[in-house]
Amino acid sequence: MIVCPLCHARLTDSPRGLRCPACDIVYSLTAGVPQMVDESWLDEATSHEKAAQDKHFAGLPDKAVFKPAYHSCYRRSRIYQRLEHLIAQLQCDTADRPSVHVACCGTGYEVEVFLQAGWHVSASDLSVQALHGLSKRSATRGYQVPYLQADVLHLPFPADSFDVAVVVEGLHHTPDPVRGFAELVRIARHHVAVIEPYTTGPLNLLAWLGLAHRAEYSQRQPHRLTASSVSQMLSVAGVASGSTRLYLDLPPGLLADIVGDRPIPAALMGVSNRAAEWLLRIVGVGNKIALVAAVD
Ligand SMILES: C[S@@+](CC[C@H](N)C(=O)[O-])C[C@H]1O[C@@H](n2cnc3c(N)ncnc32)[C@H](O)[C@@H]1O
Ligand SMILES: [Zn+2]
């Protein structure tokens, strides 16, 4: 069921779309896809992000729509392993085929991984152009998932709608990742999981070494997670400690992409990356974090 993203009231059908009687806002349906974002309540940062993402995804070459297909073999395997490790922690005993909502889905590679693992999947993103990418991708590969346009800070679902809510690399694009996490906790019955860029604060050695981006295509200052924002997220979820895992991801353009398709260099990189990752993890350093919180 879709509700008003602002007040969570039930929506009624109107000739122009779905109407919230309490807020008096009509959310349109474009080619059957609910557009659950209204410029009247969007904050300035999110509005800017939406425009920048639409521009980015509108110009995306076809091969990038099928992320991570265009990455080197080395990088692809890291992306999949990380997500598969996350999914392995999310199994719920309650359902044969649990449901997951993937917010900030982009063109939806994580949607596909969950589908292949046998989940019921739905998806949302702020950018309509990103959703066009998802639609192209799913049509080409022969599957269908329900999706809509939504701001992860105001998701248009009642509380406890899905077994699991997930975001991969999306909360750092919002003005308030902790609030985004709280919104995921609201709609999830069992687990919330995110994978996001992480920073270790002022002594961000990795950024200093050029191994962590300071800026993104859509933003000058993305909100990377920190130890403090992670503990706030866990307190929002009402759990003392979730499961966290730090990763060391080499930024694009480095060796990972240049020789990542050659078997021997790729294998050597894999081993050295894992060793560095393991050592850095001991001292709490990494540039990506996977966080899983149980919310029931
Ligand atoms: C770096 S992309 C990641 C996409 C996808 N999850 C992946 O890993 O390939 C960030 C995505 O977050 C979306 N996004 C940014 N701000 C958002 C918001 N406030 N609500 C929902 N999605 C948002 C962008 O449109 C974009 O698709
Ligand atoms: Zn409303």
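Residues numbered from 1 in each chain as written. Chains lettered and ligands numbered in written order. Predicted model: local features only at pLDDT ≥ 70, side-chain atom pairs only at ≥ 80, totals over all residues. Heavy atoms only, no water.

Enquirer: Mind showing me how you'd approach the site of ligand 1 here?
Expert: Taken together, 21 residues sit near ligand 1, with K67, E110, D125, D151 and V168 positioned nearest. At 2.8 Å from a nitrogen atom of ligand 1 is found a main-chain nitrogen or oxygen belonging to C104. Backbone polar atom of L126 to a nitrogen atom of ligand 1: 3.3 Å apart, as the coordinates give it. About the coverage of ligand 1: the protein hides 95% of its 590 Å² of free accessible area. Where the shell around ligand 1 is concerned, the elements lending two or more residues are helix 1 (44–58) and helix 4 (109–116). (Near = heavy atom within 4 Å. Polar contact = N/O pair within 3.5 Å; in protein donor to acceptor, adjacent residues only side chain to side chain. Areas by Shrake-Rupley, 256 points an atom, 1.4 Å probe, with all protein chains shown as cover. Helix = DSSP H or I, 4+ residues; strand = E, 2+ residues; numbered from the N terminus.)

Enquirer: Any chance you could explain the packing of helix 1 against helix 5 (residues 128–141) here in plain terms?
Expert: How two helices sit against one another is set out by the angle between their axes and by the gap between those axes. Helix 5 packs onto helix 1 with a crossing angle of 35 degrees between their chain directions and a minimal axis gap of 7 Å. Side by side, helix 1 and helix 5 meet where D54, F57 and A58 of the first sit next to V128, Q129 and A130 of the second. Residue composition of the contact of helix 1 with helix 5, by class: four nonpolar, one polar and one charged. (Axes fitted to C-alpha atoms, helices over the stretch in contact; angles between N-to-C directions. Contact = heavy atoms within 4.5 Å. Nonpolar A, V, L, I, M, F, W, Y, C, P; charged D, E, K, R; others polar.)

Enquirer: Help me out: how do you make sense of the coordination of the zinc ion (ligand 2) in this one?
Expert: In ideal tetrahedral geometry, four donors around a metal make angles of 109.5 degrees, whereas ideal octahedral geometry with six donors gives angles of 90 or 180 degrees. Here the zinc ion (ligand 2) is held by the protein donor atoms C4 (SG), C7 (SG), C20 (SG) and C23 (SG), which lie 2.2 to 2.3 Å from it. Considering all four donor atoms around the zinc ion (ligand 2), angles at the metal cover 103 to 114 degrees and the coordination shape is tetrahedral. One chain supplies every donor for the zinc ion (ligand 2), spaced along it as C-x2-C-x12-C-x2-C. In this pair, C7 is assigned in the segment before strand 1 (12–14) and C23 in the loop between strand 2 (17–20) and strand 3 (25–27), connecting sequence segments 16 residues apart. Judged by relative accessible area, C7 falls into the partly exposed class, the value being 34%. (Donors = N, O, S within 2.8 Å, 3.2 Å for Na, K, Ca; no water. Tetrahedral: all angles 85-135°; square planar, octahedral: opposite > 155°, others 65-115°. Buried < 20%, exposed > 50% of the residue type's maximum accessible area, 1.4 Å probe, protein only.)

Enquirer: Sorry if this is basic, but what is going on with helix 8 (residues 227–237) here?
Expert: What helix 8 keeps buried is the set S229, V230, M233, L234 and A237. All buried residues of helix 8 lie within an arc of 140 degrees about the axis, which places them on one face of the element. Next to the buried residues of helix 8 lie helix 6 (177–187), strand 11 (243–247) and strand 12 (288–294). Just downstream of helix 8, G238 is the residue with a positive phi angle, here 75 degrees. (Arc of directions from axis to C-beta.)

Enquirer: So what exactly am I meant to see when it comes to the environment of V128 here?
Expert: Secondary-structure assignment places V128 in helix 5. A residue is classified by how much of its surface remains accessible, and V128, at 24% relative accessible area, is partly exposed. With 98 residues separating them along the chain, V128 and T30 place their C-alpha atoms 9.8 Å apart. In this structure, V128 is in contact with Q35, D54 and Q149, ignoring residues within four places of it in sequence.

Enquirer: Even after reading the chapter, I still don't get the layout of surface pockets, so can you show me in this structure?
Expert: Where empty space is left becomes clear once a probe the size of a water molecule has been rolled over the atoms. Size it by volume and the second largest pocket reaches roughly 180 Å³. Every residue along the wall of the second largest pocket is listed here: R78, Q81, R82, H85, R245, Y247, R274, E277, W278 and R281. When residues of the lining of the second largest pocket are traced back to their parent elements, those giving at least two are helix 3 (73–88), strand 11 and helix 10 (263–282). For the lining of the second largest pocket, a count of residues per class yields two nonpolar, two polar and six charged. (1 Å grid on protein atoms, 1.4 Å probe; cavity = no way out; pocket = protein on both sides within 12 Å on 5 of 7 lines; lining within 4 Å. Points joined across faces, edges and corners; volume = space filled by probe spheres on them.)

Enquirer: How do you make sense of the pairing of strand 10 (residues 188–197) when you look at a structure like this?
Expert: Remark: a regular strand shows side chains that alternate across the two faces of the sheet. Most of strand 10 is tucked away: nine of the ten residues are buried. One ladder, built from six bridges, connects strand 9 (residues 162–168) with strand 10; its direction is parallel. Bridge pairing in strand 10 places V166 opposite A193. Pairing between strand 10 and strand 12: seven bridges, direction antiparallel. Bridge assignment links P197 to a residue of strand 12, and that residue is K288. (Pairing = 2+ DSSP bridges.)

Enquirer: Is there a simple way to explain unusual backbone geometry in this structure?
Expert: Glycine aside, the phi torsion of most residues is negative, and most peptide linkages are trans. Note the cis peptide between K67 and P68, where omega equals 5 degrees. Position of P68 among the secondary structure elements: in the loop between helix 2 (62–65) and helix 3. Even without being glycine, H8 reaches a positive phi, approximately 65 degrees. Assignment of secondary structure puts H8 in the segment before strand 1. Even without a glycine there, the phi angle at A31 is positive, about 50 degrees. Relative to the assigned elements, A31 resides in the loop between strand 4 (29–30) and strand 5 (33–34). What makes A31 exposed here is its relative accessible area of 81%.

Geometric descriptors of this kind do not, in isolation, establish any biological role.
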